[in-house]
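What follows is the residue order along each chain.
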Amino acid sequence: MPRSDTPDPPKELARLAASPARRVIGVGMLAVLGAIVLWTAIAHPPTVLGWHAFLLAVGGVSLYAAKAMWNATAQEVVLTEAGIYETSGREIASLDNIASVDRGIFAFKPSNGFLLRLKQPAPRVWALGLWWRMGRRVGVGGVTPGGEGRAMADILSALLLERETR
């Protein structure tokens, strides 16, 4: 949530949290993939040294991604009158910087989520399984329930429409 010196913090409008079952399945699949690839590299090493190094790297990256997803999905995405934030306080996108919301079928977005287009580019960030930001695009969703994602996108669209009509 945004830090504010005013006595009234911005009002929370919607919250998007990782579904516990999807969180466990997503992290579990990455961990199992990493374990299988590492086991293959150790128990049945390929004769070509390059392939052996590749398998070890893929296994290690998969296990690291599983840990990163577990940590990222412990947070929640919160929509306030000021913008979208993680529960840790990290800003995802301020409302003033959001140009549009896209949750169409052909949008390059996370599953069960939506895509934001920003007016100004922002640094790259990836909270695996929850949201990502690259330049002027922000994808919110992943291991989250579809209904909560749709509700947040609709509220955000209404806020943007209200801003345009002022």
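This one's a predicted model, so the numbers in the text were calculated from it and none came from an experiment.

**Student:** Where do I start with the sheet that holds strand E2 (residues 76–80) in this structure?
**Tutor:** Neighbouring strands of a sheet are bound in pairs by backbone hydrogen bonds; such pairs are parallel or else antiparallel. In spatial order, the strands read E1-E2-E3-E4; together these 4 strands make up an open sheet with antiparallel pairing. Each edge of the open sheet carries a strand with a single partner, namely strand E1 (12–17) and strand E4 (91–94). Between one strand and the next, the sheet's axes are offset by a mean angle of 15°, whatever the strand orientation. Relative to E4, strand E3 (residues 83–86) is paired through 3 bridges, and the arrangement is antiparallel. In the sheet register, Tyr85 faces E4, and the bridge partner there is Glu91. Here helix H3 (residues 146–165) sits on the sheet and contacts E1, E2 and E3; the angle it forms with E1, its principal contact strand, is near 150°.

**Student:** I would appreciate a short explanation of the packing of helix H1 (residues 20–43) against helix H2 (residues 49–72) in the present structure.
**Tutor:** The geometry of a pair of packed helices is captured by two quantities: the angle between their axes and the separation between those axes. It is the contact of H1 with H2, at a shortest axis distance of 8 Å, that shows an interaxial angle of 160°. For the element pair H1 / H2, the angle class is roughly antiparallel. The two elements H1 and H2 meet at a crossing, and its hand is left-handed.

**Student:** Sorry if this is basic, but what is going on with the nonpolar core here?
**Tutor:** Within soluble globular proteins, side chains that are nonpolar generally end up buried alongside one another. Core analysis: the largest hydrophobic core is formed by 25 residues, its most contacted members being Val77, Ile98, Leu116, Trp131 and Leu156. Listing elements by their share of this core, those giving two or more residues are E1, E2, E4, strand E6 (114–127), strand E7 (131–140) and H3. Counting residues per element, this core draws most heavily on E6, at 6 residues. Every residue in contact with Leu116, bar those within four places of it in the chain, is listed here: Ile84, Ala93, Ile98, Ser100, Val101, Arg136, Arg137, Val138 and Leu156. Formed by 5 residues, the second largest nonpolar core is a distinct cluster that contains Val27, Ala65, Met69 and Leu128.

Rules used throughout
Residues numbered from 1 in each chain as written. Predicted model: local features only at pLDDT ≥ 70, side-chain atom pairs only at ≥ 80, totals over all residues. Heavy atoms only, no water. Pairing = 2+ DSSP bridges. Helix = DSSP H or I, 4+ residues; strand = E, 2+ residues; numbered from the N terminus. Axes fitted to C-alpha atoms, helices over the stretch in contact; angles between N-to-C directions. Contact = heavy atoms within 4.5 Å. Parallel < 35°, antiparallel > 145°, perpendicular 65-115°, else oblique. Left-handed = near helix turned anticlockwise from the far one by under 90°. Core = buried A, V, L, I, M, F, W, Y, C linked by side-chain atoms within 4.5 Å. Buried < 20%, exposed > 50% of the residue type's maximum accessible area, 1.4 Å probe, protein only.

Honestly, it's all geometry; don't read function into it.
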